[in-house]
Amino acid sequence: QVQLVESGGGLVQPGESLRLSCATSGSIFSINTMGWYRQAPGKQRELVASITSGGRLNYTDSMKGRFAISRDNAKNTAYLQIYSLKPEDTAVYFCNALVYITKWTYVEVWGQGTLVTVSS
């Protein structure tokens, strides 16, 4: 069983920054793409950014300015740095990964999410 666990969320004031972490565990052969998504109250889940095992980055256009995704392949961990947080960034942030559990088989795994609340 593969698990993804997000951490780093919390209550922050507008203008502050946060670094979210996504740790993985379980029987993992390799991890292809990892990504961060968010779901604001009353809205659908949306992609923030993704990163391939080779470090190729992909951002939703509206996220390019204040969001930075990275990963540590040795630790199978992904990060999301968020700068200058705004109230509209309030959401549950989810980690996602395409995980190969064997050379031939992969599963899409989601974390449970970490809540980021931006409020003064």
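Residues numbered from 1 in each chain as written. Predicted model: local features only at pLDDT ≥ 70, side-chain atom pairs only at ≥ 80, totals over all residues. Heavy atoms only, no water.

### A few points about the overall build of the protein
Selection criterion: For helices the rule is a DSSP run of H or I covering at least 4 residues; for strands it is a run of E covering at least 2, with both sets numbered from the N terminus onward. Only protein chains enter the accessibility calculation, which uses a 1.4 Å probe; a residue whose area is less than 20% of its type maximum is buried, one above 50% is exposed, and one in between is partly exposed. Two residues qualify as a contact provided that any one of their heavy atoms is within 4.5 Å of a heavy atom in the partner residue. For the charge count, each Lys or Arg is scored as positive and each Asp or Glu as negative, with His and the chain ends excluded. Note that the charge is assigned to NZ on lysines, CZ on arginines, CG on aspartates and CD on glutamates.
Helix and strand counts for the protein come out as zero helices and eleven strands. Once the C-alpha set of the protein is aligned to its principal axes, its extents read approximately 45 × 25 × 25 Å. Expressed as a percentage of the 120 residues in the protein, the buried residues total 38%. Here the contacts in the protein between residues at least 6 apart in sequence split such that 54% fall between residues at least 24 apart. Counting 11 positive and 8 negative side-chain charges, the protein places the centres of these two groups 6 Å from one another.

### Quick word on unusual backbone geometry
Even without being glycine, Asn76 reaches a positive phi, approximately 50°. Relative to the assigned elements, Asn76 resides in the loop between β7 (67-72) and β8 (77-82). When its relative accessible area of 22% is taken as the criterion, Asn76 is described as partly exposed. The phi torsion at Ser84 lies on the positive side, around 45°, for a residue other than glycine.

### Some remarks on the state of the cysteines
Put simply, the rule reads: The disulfide criterion is simple: two cysteine sulfur atoms within 2.5 Å.
A full pass over the atoms with the stated rule returns one disulfide. Covalent S-S linkage joins Cys22 and Cys95, the inter-sulfur distance amounting to 2.0 Å. Its S-S torsion of about -85° marks the bond between Cys22 and Cys95 as left-handed, since a negative value means left-handed. Of this pair, Cys22 sits in strand β3 (residues 18-25) while Cys95 sits in strand β9 (residues 91-100), and the two are 73 residues apart along the sequence. The exposure class assigned to Cys22 is buried, which follows from its relative accessible area of 0%.

### Here we look at the nonpolar core
In plain terms, the rule: Definition of nonpolar core: a set of buried residues of the types Ala, Val, Leu, Ile, Met, Phe, Trp, Tyr and Cys, connected through side-chain atoms within 4.5 Å.
If you look at the biggest cluster of nonpolar residues, it comprises 29 residues, and the most contacted ones within it are Met34, Trp36, Val48, Leu80 and Tyr93. Contributing elements (two or more residues each) for this core: β3, β4 (30-39), β5 (46-51), β7, β8, β9 and β11 (114-118). Examining the composition of this core, we find that five residues originate from one element, β9, more than from any other.

### Some details on the sheet that holds β3
Put simply, the test is: Being paired, for any two strands, means DSSP has found at least two bridges between them. What counts as an axis is a line fitted to C-alpha atoms, over the stretch in contact for a helix, and the angles between N-to-C directions run from 0 to 180 degrees.
Within the open sheet, the four strands sit side by side as β1-β3-β8-β7. Their pairing is antiparallel. Each edge of the open sheet is held by one strand with a lone partner, namely β1 (3-7) and β7. Ignoring strand direction, the axes of neighbouring strands in this sheet form an average angle of 15°. Where β1 and β3 come together, five bridges link them in antiparallel fashion. Bridge pairing in β3 links Glu6 to Cys22.

### Re the pairing of β8
For β8, a buried count of five out of six residues is recorded, marking the element as mostly surrounded by other parts of the structure. When β3 meets β8, the two strands line up antiparallel, connected through six bridges. The partner of Ser21 across the bridge, within β8, is Tyr79. Judged from the six bridges that link them, β7 and β8 form a sheet pairing that is antiparallel. Opposite Ala68, over in β8, you have Gln81 as the bridge partner.

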